Every structure is written in C-alpha cells, then in structure tokens.
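Structural overview
As a plain string of letters, each chain reads:
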Amino acid sequence: MEPPDRRGGRLADNGGVNVLAPLLTAEGRALLDAVRGTAPADELAVATRLRREHPADLVSAALGQARLRQRAAVKFGAEDADRMFFTPNGVEQSTRASVAGYRAGRMRALGVTSVADLCCGIGGDAIALARAGIRVLAVDRDPVTAQAARANAEALGLSELIEVREADVTEVDTGGYDAVFVDPARRGGRGRVFDPEGYSPPLSWAVGAALAAPRAALKIAPGVPHEAIPAEAEAEWISDGGDVKEAVLWFGTGDPGAVRATLLPGPRTLLGSGLPDPRVRPVGRYLYEPDGAVVRAHLVADVAREVDGGLIDETIAYVTADALRPTPYATAYEITDQLPFNVKKLKALLRERGVGILTVKKRGSAVEPEELRKKVLTKGQGPHSATVFLTRVAGAPTMLVGAPAGPDVTAGGAS
C-alpha cells in the first residue's frame, strides 16, 4: 500500500518527527532553544543530558525539529528557519523564499490584495504573500501540516494576515478572494509524479479553480510538457542562481499564451517573441549556454537572436557565435578547440596545456562528467583550468574545449 500524499485529498505520511504540539508548549520551545545548532555528531550526548530532565519523546522531537530547521535554512534563511516549524515533506516541497517572494511581488503588482493559498504546506508561500501586504487564506488538509503553517504565521508575526484552515482544498469557497494560488503535491508514495493529472489535486482541477478566479497562479513542475499548458494561461519558468526551480501558470494577467523565463536574483525576465528555431551553423569562437529556465521555456531562439548566433545542432540547446555579446540569459565561453569525441586526444591536449582543473558539461552525451574527469586528469598535471563540453555538433559526438568568457557576460551578470 502506498503511503498517502498531502494536500489534495489524502493525508501526509510525515513520520514521528512531526509531532508538533508538544514543541509548541513552553517546555518544548525551551528545548528547541537548547538544541539549536546541535551538530549531528553531538546529538547523542545532548539527548542523553536533556533526557535527565525532559521526556525522551520530547527531546527526540526537538532534535528532529532542529535538524529540519538546519535543512530549511537553505530555502528560508537561517533567521527565519530558526523560528519556524517544519515537517520532512514541508522542507522538501516548500518553495525557496526568494522564488516565493518574487511571485508574491508579481501578485502585488497585479493589484492582488487577498489570496486563497490552496495546498499551503507549511506556509512558505503564505509567508511571502503576507510580507507583500496580501491577506491570505492558507488551506491544507493534513492536520500536522496545517498546524505547522499556523505556528509559522505566529512565529513570524504574520497571524493577522494569514488565516490557516485545515480542509480539503476542493471544498473551499474562494469567491471572496482576488486570486487563487495552487501548489499541488507532485510526489507520491513512489517518488516524483511527472503526469500533471497525477498531481494532488490534479492539474485539471487546479486549472478549473484558476479559471473561476479573477487572477490565479499555479505552481507546477518545470518539466511540464508545453502541450499540457492551457491556452488561457501565461507560462513562466523561474530559476534561482542558475537552478531551475519551478514553472508557474498565470491566469488573469491579460497576456494568455505568453511564455517567460525569469532569472533570480534580479529579477530578469525574457519574454518569448515566437521565433522559429535558430539555424544550425559551424561552431564559432564563442559558445553560449542558456540558463535552464530559458531552455525549459523554449526560448533559446530569443537568446540566439540577442547574440547573433545559431545552434551547434538542431537538437542541442547550445548557441554559438563569432562575437561576444552580453546577455543575462546565457553564460558565454570562449572555445579554443573542437575535437571529435576521443578520450585519449582530450587527455593529451589537457596535459599539453597544463590543465589540472577541469569542468565538464554535457548536453546530448551519455558520458558521465566525473568518469571522464578521472580518465583525462592525472595528479600534478598543471595549475591551469578549462571547461569541456560533451555534446553533438551537426549530429556528430564532439568535445568543445574552452573557458568562461568573463563575468560581465554570464547569465544573471549583465545589466
């Protein structure tokens, strides 16, 4: 039997560490302060000492919560994470604060003053919306998850703007709100769910809820097939620090059918112009690696136009050009060598150049970067660095060797 999922209609299987109620007492909060920052190697000694004066289950819950807070610091920042309450699923599935903040800011810019946050999880998006001055109804069916969301609103001083309700999102009346935000669960008992209709609740239900609201945003997996995007929606792919984090379907923005790639920090947004696929051309002096959000949004052609370049292969998202042109949407590399795929030739070339530090990137190649690095580098080979791209050029397996062209033309680095 599969463990149940959270949010849509089933309850979360979050494990024993999720017993939050005792941690919300005065004794529990004092224990959380006492175990803050405990290193894994010190947990046994700390637990042994604290169990002399506190119930063993409470000490275990506090140490478990401390571990979750340490993990959550990456997404929420240490200052917030040290005050918040988490579940294992909540840490895993919650939105990074920078992304949630960007989305909340866009909601505010659209004139939204109240949002029904359906499938709110531990409240990360509700927190960002409230900090943008937006009133939030945060809904989750899982009682422990809803309890965490309520505790987090209180811990961060946002209770006046966030109402948390434990309920099935499909039964909630959202008629009194300016917008709806839905973040369906995309993990089940067997791991990540790729079929949008396998989300909980399904994407079709979320789209129906969105179309019934004045404005809406649906958070979905960045790998969603473009053909699954409804015609009424604007689609936006968001990356943070070069890592693609999510796709969002926006409704009620006045721009149905639009496609965007947004890069954080910034934000910098590339709006698609419906260009055809770029031409394939020989490898030039420079290679541009588009940001993952650009690739997911199918906007490589827009980057190619910016740099006056073309593709190295009709199926590979690398752009090549003869001139160096700044763009925040791709990282530029200067290419020094183009070789047919041959490990021995690459090893000889790197030894000749005194390369001891090698970055391996790949698109369209089955070779594992770490395995190649082990084969072509030897100890004490040299102090220089290089980047090798394992890819295809006009259908042929190829190695392109070069180096970053400079910080002024890297993704997110140009003004």
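Our subject in this report is the structure included herewith. Predicted model, so just to flag it, every value in this text is computed and none were measured.

1. Details of the overall build of the protein chain
When you go through the protein chain residue by residue, the secondary structure sums to 13 helices and 18 strands. Across its three principal axes, the protein chain shows a C-alpha extent of roughly 65 × 55 × 45 Å. Expressed as a percentage of its 415 residues, the buried residues of the protein chain come to 51%. Element-wise, carbon and sulfur atoms account for 51% of the exposed surface of the protein chain, whose accessible area totals about 18400 Å². In the protein chain, 50 positive and 52 negative side-chain charges are present, and the distance between their average locations comes to 6 Å.

2. Considering helix 12 (residues 343–353)
Turning to helix 12, its buried residues are Leu346, Leu349 and Leu350. The buried residues of helix 12 occupy one face: seen down the axis, they fall within an arc of 95°. Away from the buried face of helix 12 by more than 90 degrees, exposed residues Lys344 and Glu352 are located. Structurally, helix 12 contributes buried residues whose contacts are with strand 15 (330–340), strand 16 (355–362), helix 13 (369–376), strand 17 (384–393) and strand 18 (396–404).

3. Some words on the side chain of aspartate 168
Mapped onto the elements, aspartate 168 comes out in the loop between strand 3 (162–166) and strand 4 (179–182). Among the residues examined, aspartate 168 registers a relative accessible area of 14% and is labelled buried.

4. Let's talk about the sheet that holds strand 18
Across the sheet, which stays open at both edges, the seven strands sit in the order 13-14-12-15-18-17-16 with mixed pairing between neighbours. The open sheet has two free edges, formed respectively by strand 13 (310–311) and strand 16, since each of these has just one partner strand. Sheet topology note: the strand 17/strand 18 ladder contains seven bridges and is antiparallel. Its bridge partner being in strand 18, valine 393 is matched across the sheet by alanine 396. Against the sheet, helix 11 (residues 300–307) engages strand 12 (286–290), strand 13, strand 14 (319–321) and strand 15, with an angle of about 10° to strand 14. Set on the sheet, helix 12 makes contact with strand 15, strand 16, strand 17 and strand 18; between it and strand 15 the angle comes to about 115°.

5. A look at the nonpolar core
By size, the foremost hydrophobic cluster in this structure holds 55 residues, and its most contacted members are Leu23, Phe86, Met107, Val115 and Ile162. With nine residues, helix 3 (residues 56–76) is the largest single contributor of residues to this core. Other than its neighbours up to four places away in sequence, isoleucine 162 contacts Ala126, Ile127, Ala130, Val136, Ala138 and Ala153. Formed by 50 residues, the second largest nonpolar core is a distinct cluster that contains Ala221, Tyr286, Tyr329 and Ala332.

6. Describing the sheet that holds strand 2 (residues 135–140)
Across the sheet, nine strands lie side by side as 3-2-1-4-7-9-8-10-11; this open sheet has mixed pairing. Since the sheet does not close on itself, it has two edges, and those belong to strand 3 and strand 11 (268–271), each with one partner. Adjacent strand axes in the sheet meet at a mean angle of 20° when their direction is disregarded. With four bridges joining them, strand 4 and strand 7 (residues 215–220) adopt parallel strand pairing.

Each value, and the rule that gives it
- Residues numbered from 1 in each chain as written.
- Predicted model: local features only at pLDDT ≥ 70, side-chain atom pairs only at ≥ 80, totals over all residues.
- Heavy atoms only, no water.
- Helix = DSSP H or I, 4+ residues; strand = E, 2+ residues; numbered from the N terminus.
- Buried < 20%, exposed > 50% of the residue type's maximum accessible area, 1.4 Å probe, protein only.
- Areas by Shrake-Rupley, 256 points an atom, 1.4 Å probe, with all protein chains shown as cover.
- Lys, Arg positive; Asp, Glu negative; His and termini not counted.
- Charge placed at Lys NZ, Arg CZ, Asp CG, Glu CD.
- Arc of directions from axis to C-beta.
- Contact = heavy atoms within 4.5 Å.
- Pairing = 2+ DSSP bridges.
- Axes fitted to C-alpha atoms, helices over the stretch in contact; angles between N-to-C directions.
- Core = buried A, V, L, I, M, F, W, Y, C linked by side-chain atoms within 4.5 Å.

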